[in-house]
Amino acid sequence: MNTRLHTQSFNGGVVTPEFFGQVEDPRRQNGAARIRNFVPLPHGPAQSRAGTLFVREARSSEQPTRLLPFVFSVEQTFALEFGDRYVRFHTQGGTLLDGATPYEVGTPYAGSEVFGLRYVQSADVLTLVHPNHAPRELRRLGLLLWELRVIPFAPSMLPPTGVVATPNTAGPIAYHYVVTAVTADGVESQASAQATANNDLFVAGRFNTVTWASVAGAARYNVYRQAGGAGLFGQIGSAAGLSFTDTNITPDIGFTPPVYEQPFLDAGNFPSSVGYFDQRRVFAGTLNRPGNLWMTQTGTESVIAASIVPKDTDRIAFRIASRDLIAIQHIAPLVDLVLLTNSGEWRVTSVNSDAVTPTSISVRAQSYKGASTVTPALVNNTILFAAARGGHIHEAAFNWQASGYVTGNVCLRAPHLFDGLTIADMAFQRTPVPVLWAVSSNGELRSLTYVPEERVGAWATHDTHAGAFESVACVSEGTEDVLYAVVRRTVSGVPRRYIERFATRLLREGVDPVCVDSGLTYQGPAVTSLSGLSHLEGMEVGILANGDVHPRRTVSGGRITLDYPTSRAVVGLPITADIQTLPPIIRTRDLSAGQGRTYNINKAWMRLHRSGVVHAGQTESRLRPIKRRADAPDVDTGVEDILLGGAWSQDGQLWVRNADPLPVTVASVTLEMSVGG
C-alpha cells in the first residue's frame, strides 16, 4: 500500500536510536535521527547554521586558548582571548590594535590554567579567580588602557594616628578610646591604637576630649569607648572634624570597630569561584577549604570585615556541612543564591528577612547531581550546567510544588551525543534564537535550542571542516548576540588556533549570507582573483561570487582564481549540513505503528524558506539535487519535490543535505511511501 507521512516540525531535535520505538512521545514525532550543522528553531523549522568569519590566529597556537565575554556597554563588547600568560581583545569581528600590533595585557595564567578560570563582571571590572593565583580584577580604564591587578582585601582606608584622649580634670577612672576613619561610601578602617584618659565622667561638668590626625580620603570618623569590664569598644559618636568630646556617653556595643580578615593571602587559600549576590561579591572554594564561602560587606567589593557583635552588613562566611566532600564549583545568583558543588546543588536563603545576613543565613541541599568545572549558563530563572560525571548537561529551576530547586537531565532523549565524552566549554546565545552552545571533548559543538517555558529543548550537532572547536563565548553586538569560537585547525600540516566569529543568520537585502567557515568577504571593484587567504593555504574552499555558487577552488599562495569578474564574494571552508528523518510511524489495524514493515520512499516534498538547492535521498550515498525551474532564484521559498529511486528498507528515512554556500531552512517534509508487509 501507499501512504503519505508529514513531518511538521524539527523542534524535538536529535533523538537517540534507542528512542526510535517511542512512537507516542511528542519529541519523537517532532524529532530527527540526525541534525548536523542545522539549528532547530523554537517554532519548528530547521535552519542551516551560520558560517564563521576569520578574525585572527591566536598568539600561542601551540597552547590552549579560551574566550571570555566582556560587556562594557551596549556599544562596546569584547571577546577576551586568554592564552599562555596574555589576554587579547576582539570586537565586531576585529582585534583591538595598538598601532599595527594586537593590544595585549600580561597575565599570570599559563595556557594549561586558562580553562580553570572563573569570572564575573560588574560594570567595567571583570573579576578573575583561579585556585593557583590570587584573585584579580581586569579593569577597562580606556579603549587601549586595561589593567590587571590583584584585589586588595586589606582596608583601603588607613586608621587615624596620633590619637590622644585628654581629660578636663584628672580622676580615678581610666577611659579607653579608639577611632576609625570612614570613607564617603561607608567603608570603615581598622581601629586606631588605644588612647586613655583618667577622669570621673560621673561628676557633673567632667568630659574627655579625643583628638587625632587627619586621614586622607576620610569623610568622617567614628569614636569608640571601652564599655566597662566587658572589654568591648562601643560607638559613642561620629565627627566630621578631628576631635570629639565625651561627656559620659554610653557606649553602644551594638556597633563595634570592624575586624578585618584576609582569607586569600597565600597558596592553597586562593578562591576558585566568584559571583555577586545581594550587593555583595562572593568568593568560594579554596584548595584548603573547598566547601567554604565568603561574602563581602554589603555594598563593597573587597571588604571582608566582621564586628564582634554581628551587624547585618558584616561579611558572611560559612562552610557547607555535608555528608560528602564538598568543593564549591560555581556561584549562581538567581532569586536565591545557588551553589553548584562537585556533588550537589545547594540553596542559600534568609530564614527571617529578605536579605541574607550573618545571623539569618540558611543553606539547604536541593539535589545531588554535581557540577563540573565548566561555567554554567543562566537562562531566565534556570541554570544549565555540565554534570560532574557522565558528560551530560542538566537544568536546575525553582519548583513551587517542591519548594526548592529541581534538577533534570536535558540530554535524556539524545544521550548518544554525550556518552563517553565531556563538556569543555559553554555559552548561551539569547538572540536571535535562544541556543546553548556546548563544546564537546571530541571537538564538535552541541547546540540546544532552549525555551523552557514552551517545553522546547532541541539538540543538534555541529562540526567544521578540518577543525575542532575548543572554546566559545557570546557577546552582544548590535541587535544580536554573537558567538565567538576558538577553532583548532591543521593548515599545510601545521596546527593552528584561530579566533572565528559566527556570522549573522538573518538574511538582509543586498548582503551576501556567510555559509562557510573561517571565511573572508570581499566587496569592491570586479576582480578575477582573491588574495589574503593564507590562513587556508592548501585547503579547498567554497565560494559565493556575486550571490551565485562558484565552483570550489584550492588556495595556493594565499590566493584563488575565479572564473569570472566578481565584485562581491564570500570565501571559506565548505559546510556540510544534514537532516535525517526518523523511521516512519503509520497507523495500522494491528497497532504495531508500522514497525517491522519495509518502506520505499517514492517521492518527497519539502517546504523550504529562503533556501538554496538541497540534495535528498534515502541513503547518504544516493543523494540527488532538487530540480528547480530555470528562472528560479538561487535562494527561493516554496514547496519543492523530488522523485526518488527504489530502495526498500525497514527504516524508510530521508536524508537532506546542503553543501553549497547558501542558506537552507526546512520547514516541513512530506513523504510518499510504499509500505511492504
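Just so it is clear, the structure is predicted and the values come from calculations on it, not from any experiment.

Reading the values: rules and limits
- Residues numbered from 1 in each chain as written.
- Predicted model: local features only at pLDDT ≥ 70, side-chain atom pairs only at ≥ 80, totals over all residues.
- Heavy atoms only, no water.
- Core = buried A, V, L, I, M, F, W, Y, C linked by side-chain atoms within 4.5 Å.
- Buried < 20%, exposed > 50% of the residue type's maximum accessible area, 1.4 Å probe, protein only.
- Domains from an automatic or database assignment.
- Pairing = 2+ DSSP bridges.
- Helix = DSSP H or I, 4+ residues; strand = E, 2+ residues; numbered from the N terminus.
- Axes fitted to C-alpha atoms, helices over the stretch in contact; angles between N-to-C directions.
- Polar contact = N/O pair within 3.5 Å; in protein donor to acceptor, adjacent residues only side chain to side chain.
- Contact = heavy atoms within 4.5 Å.
- Buried area = accessible area lost by both parts, 1.4 Å probe.
- Nonpolar A, V, L, I, M, F, W, Y, C, P; charged D, E, K, R; others polar.
- Phe/Tyr/Trp six-rings, centres within 6.5 Å; stacked < 30°, edge-to-face > 60°.
- Lys NZ or Arg CZ within 6 Å of the ring centre and 35° of its normal.

Points about the nonpolar core
Okay, step 1: Ranked by internal contacts, the top residues of the largest apolar core, which has 48 residues, are Ile 393, Trp 459, Leu 654 and Val 666.
Okay, step 2: Counting residues domain by domain, this core receives three or more from each of domain 1 (2–11 + 577–676) and domain 2 (52–153 + 261–491).
Okay, step 3: Ala 165, Tyr 175, Ala 181 and Val 210 belong to the second largest nonpolar core, which has 18 residues in total.

Considerations on the sheet that holds strand 22 (residues 208–211)
Okay, step 1: Pairing within the open sheet is antiparallel, and its 3 strands lie in the order 19-22-25. In this open sheet, the two strands that pair with only one neighbour each are strand 19 (164–167) and strand 25 (243–246). Going from strand to strand, the sheet's axes swing by 20° on average, the running direction of each strand aside.
Okay, step 2: Of the pairings in the sheet, the one linking strand 19 to strand 22 comprises 4 bridges and is antiparallel in character. The partner of Pro 167 across the bridge, within strand 22, is Asn 208.

A few points about the side chain of Thr 449
Okay, step 1: Inspection of the secondary structure assignment puts Thr 449 in strand 42 (residues 445–451).
Okay, step 2: Among the polar contacts made by the side chain of Thr 449, one reaches the main-chain carbonyl oxygen of Pro 40 at a distance of 2.6 Å.

Quick word on the domain arrangement of the chain
Accessible area lost upon the coming together of the parts is a frequently used measure of interface size.
Okay, step 1: Here the domain parsing of the chain yields domain 1 (2–11 + 577–676), domain 2 (52–153 + 261–491), domain 3 (164–257) and domain 4 (516–574).
Okay, step 2: Distance from the C-alpha centre of domain 2 to the C-alpha centre of domain 4: 38 Å.
Okay, step 3: Contact residues are listed per partner, giving 10 residues for domain 2 and 13 residues for domain 4.
Okay, step 4: Carbon and sulfur atoms make up 60% of the surface buried where domain 2 meets domain 4, a total of about 900 Å² over both sides.
Okay, step 5: The largest share of the area that domain 2 buries against domain 4 comes from Thr 52, Phe 54 and Val 491, three residues that together contribute 53% of it.
Okay, step 6: Mapped onto the side of domain 2 that touches domain 4, the elements with two or more residues apiece are strand 7 (52–57) and strand 45 (480–491).
Okay, step 7: For the side of domain 2 that touches domain 4, the residue count by class is 4 nonpolar, 4 polar and 2 charged.

Let's talk about the packing of aromatic side chains
Okay, step 1: Applying the stated criterion to the full structure yields 16 aromatic pairs.
Okay, step 2: For the ring pair Phe 70 and Trp 146, a centre distance of 4.9 Å and an interplane angle of 65° mean the geometry is edge-to-face. Of the two residues, Phe 70 sits in strand 8 (residues 66–71) while Trp 146 sits in strand 18 (residues 145–150), which places them 76 residues apart along the sequence.
Okay, step 3: Geometrically, the ring pair formed by Trp 437 and Phe 502 is tilted, given 5.8 Å between the ring centres and 40° between the ring planes. Remark: Phe 502 occurs in strand 46 (residues 494–502) and Trp 437 occurs in strand 41 (residues 435–440); sequence separation between them is 65 residues.
Okay, step 4: Judged by relative accessible area, which is 5%, Trp 437 ranks as buried.
Okay, step 5: By relative accessible area, Phe 502 is classed as buried at 7%.
Okay, step 6: In textbook terms, an aromatic cluster arises when at least three aromatic residues are bridged by ring pairs, as seen for Phe 70, Phe 78, Phe 89, Tyr 103 and Trp 146.
Okay, step 7: Sitting above the plane of the Tyr 368 ring, Arg 323 keeps its charged end 4.8 Å from the centroid.

Looking at the sheet that holds strand 37 (residues 382–386)
Okay, step 1: Spatial strand order, 36-37-38-39: 4 strands in an open sheet with antiparallel pairing. Both edges of this open sheet fall to strand 36 (377–379) and strand 39 (404–409), since each of them pairs with a single strand only. Across the sheet, the mean angle separating the axes of adjacent strands is 25° when strand polarity is ignored.
Okay, step 2: Direction of pairing for strand 36 relative to strand 37: antiparallel, over a ladder of 3 bridges. Paired with Val 379 across the bridge in strand 37 is Thr 382.

Regarding the pairing of strand 9 (residues 77–83)
Regular strands show a simple pattern: their side chains alternate between the two faces of the sheet.
Okay, step 1: With respect to burial, strand 9 is a largely interior element, 7 of its 7 residues being buried.
Okay, step 2: Burial along strand 9 is two-sided: the residues Thr 77, Ala 79, Glu 81 and Gly 83 and Phe 78, Leu 80 and Phe 82 are all buried.
Okay, step 3: Of the pairings in the sheet, the one linking strand 8 to strand 9 comprises 6 bridges and is antiparallel in character. Paired with Pro 69 across the bridge in strand 9 is Ala 79.
Okay, step 4: Counting the residues in the hairpin turn of strand 8 and strand 9 gives 5 residues.
Okay, step 5: As judged from the 5 bridges shared by strand 9 and strand 10 (residues 86–91), these two strands associate in the antiparallel manner. The residue of strand 10 that forms the bridge with Leu 80 is Phe 89.
Okay, step 6: If you look at the hairpin formed by strand 9 and strand 10, you'll find 2 residues sitting between the two strands, and Arg 85 has a positive phi there, around 65°.

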